[in-house]
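One-letter residues, chain by chain:
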Amino acid sequence: MFSVRMPRFPVMALVFALPAAAAVFVPTVRIGPNKDVEMQMIAFGTYRHSLTSCDVISGVMQWLELGGRHIDTAHDYGTEPDVGKAIRLSNVPRKEIFITTKIPGPIGRDAVKTLVLNETLPKLGTEYVDLLLIHTPCLERSDFPNKCGSKLRAERLDTYRGLMELRAAGKIRAIGVSNYLAEQVEEVVAELKEAPAVNQVEWHLAYHNETLRQRMESSSVRLEAWASLAGPTGQGSPSISLADERLKKVAGRYNMSTAQLELRWETLRGVVPVTATCSREHAVGDMNSFNFNLSNEDLDYLDSLPALMETSLLL
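Anyway, here's the lowdown on the structure attached to this text. (Residues numbered from 1 in each chain as written. Predicted model: local features only at pLDDT ≥ 70, side-chain atom pairs only at ≥ 80, totals over all residues. Heavy atoms only, no water.)

Every buried residue belonging to helix α5 (residues 182–192) is among A182, Q184, V185, E187, V188 and L192, and all of these are buried. Buried-residue contacts for α5 involve α4 (153–168), β8 (172–178), β9 (198–202) and α6 (210–218). (Buried < 20%, exposed > 50% of the residue type's maximum accessible area, 1.4 Å probe, protein only. Helix = DSSP H or I, 4+ residues; strand = E, 2+ residues; numbered from the N terminus. Contact = heavy atoms within 4.5 Å.)

This is the structure:
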């Protein structure tokens, strides 16, 4: 079970040197059936539309330079080659970097093994990935993110079995899913007798499914957040601007930015945010969002914002 209050879930503090003699504090969590894979608790996302003033290579290199070690990419983003090149140019040892990538939805055991061995790993230029996610539980874009329900159950399980074989061969360190409903995660637990290490879903102040979070906690599945600050990667769901006066008021009590406030709200709830920025200042700020805690009252208030938004729409 993960804590829903202060950060009592298992974390390890990693402190990386910065060029300007500052330091960035980034906790890690342990994931996987045996909790033997260590993952930094904030990731740099490489979806191109999230990066408005830099390319993927320079964005990743900056993140690594500043002490970030968790990089998130996907087959469907088309950015795996850029991530691989940035890692090689950075001179940061591969073993210090945590690479998450994703394969398209449930494509079956043989197809997923072929894809990972012949495309994913060569594009990244690495012998293994740290975390590999099944990107969606569905195949049709019209079903994104998870509208296919119990359909494709056999295909999802067969794809997961292929990933288990790749893990046994040392090509994957941890297996996860993305955009899965709780019932789709529970298919894996019931059939394969292990829980996915991670479920990456849309998660931000205006859009978060607390029932899903609680059910993932009960299965020891770590939630990750795409669209962690809403922004350009949101899929038309409600959003709360970082310029919102309510966020400014709460953030002001901690002398932190509203972006740092939202990221810290997520991590204190046990959720690992995927963020993206071309700004050096914002990247440092994102990684320094662990430098303060929020009161239980403020956590509860931030939890309640979606309900407050609904109420205001009815008035």
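This next bit is on the pattern of salt bridges. In the structure shown here, the tally under the stated rule is 25 salt bridges. Across the pair E165 and R109 runs a salt bridge, and its minimum N-O distance is 3.1 Å. With a gap of 56 residues between them, E165 in helix α4 and R109 in helix α3 (residues 109–124) connect regions that are remote in the sequence. E165 sits in the partly exposed class, given a relative accessible area of 31%. R269 is the salt-bridge partner of D300, the closest N and O atoms lying 3.3 Å from each other. Placement of the pair is D300 in helix α10 (residues 296–303) and R269 in the loop between α8 (258–268) and β11 (272–275), with a sequence separation of 31 residues. With a relative accessible area of 36%, D300 lands in the partly exposed category. Taking relative accessible area as the criterion, R269 reaches 3% and is therefore assigned buried. (Salt bridge = Lys/Arg side-chain N within 4 Å of Asp/Glu carboxyl O.)

Turning our attention to the sheet that holds strand β4 (residues 43–45). What the eight strands build is a closed barrel, ordered β4-β5-β6-β7-β8-β9-β10-β11; its pairing is parallel. Direction aside, neighbouring strands of the sheet carry axes that sit 30° apart on average. Sheet topology note: the β8/β9 ladder contains two bridges and is parallel. Bridge pairing in β9 places V177 opposite N199. (Pairing = 2+ DSSP bridges. Axes fitted to C-alpha atoms, helices over the stretch in contact; angles between N-to-C directions.)

The next thing to look at is α3. Over its 16 residues, α3 extends 21 Å from the first C-alpha to the last, a length consistent with the 22 Å expected when each residue adds 1.5 Å. In the structure, α3 departs most strongly from a straight axis at V116, where the bend amounts to approximately 40°. Those residues of α3 that fall on the buried side of the exposure criterion are V112, L115, V116, T120, L121 and L124. Elements that come into contact with the buried residues of α3 comprise α2 (80–90), β6 (98–103), β7 (129–134) and α4. Phi for G125, located one or two positions after α3, is positive at around 70°. (Expected span 1.5 Å × (residues − 1). Bend = angle between axes of the 7 residues up to and from the residue.)

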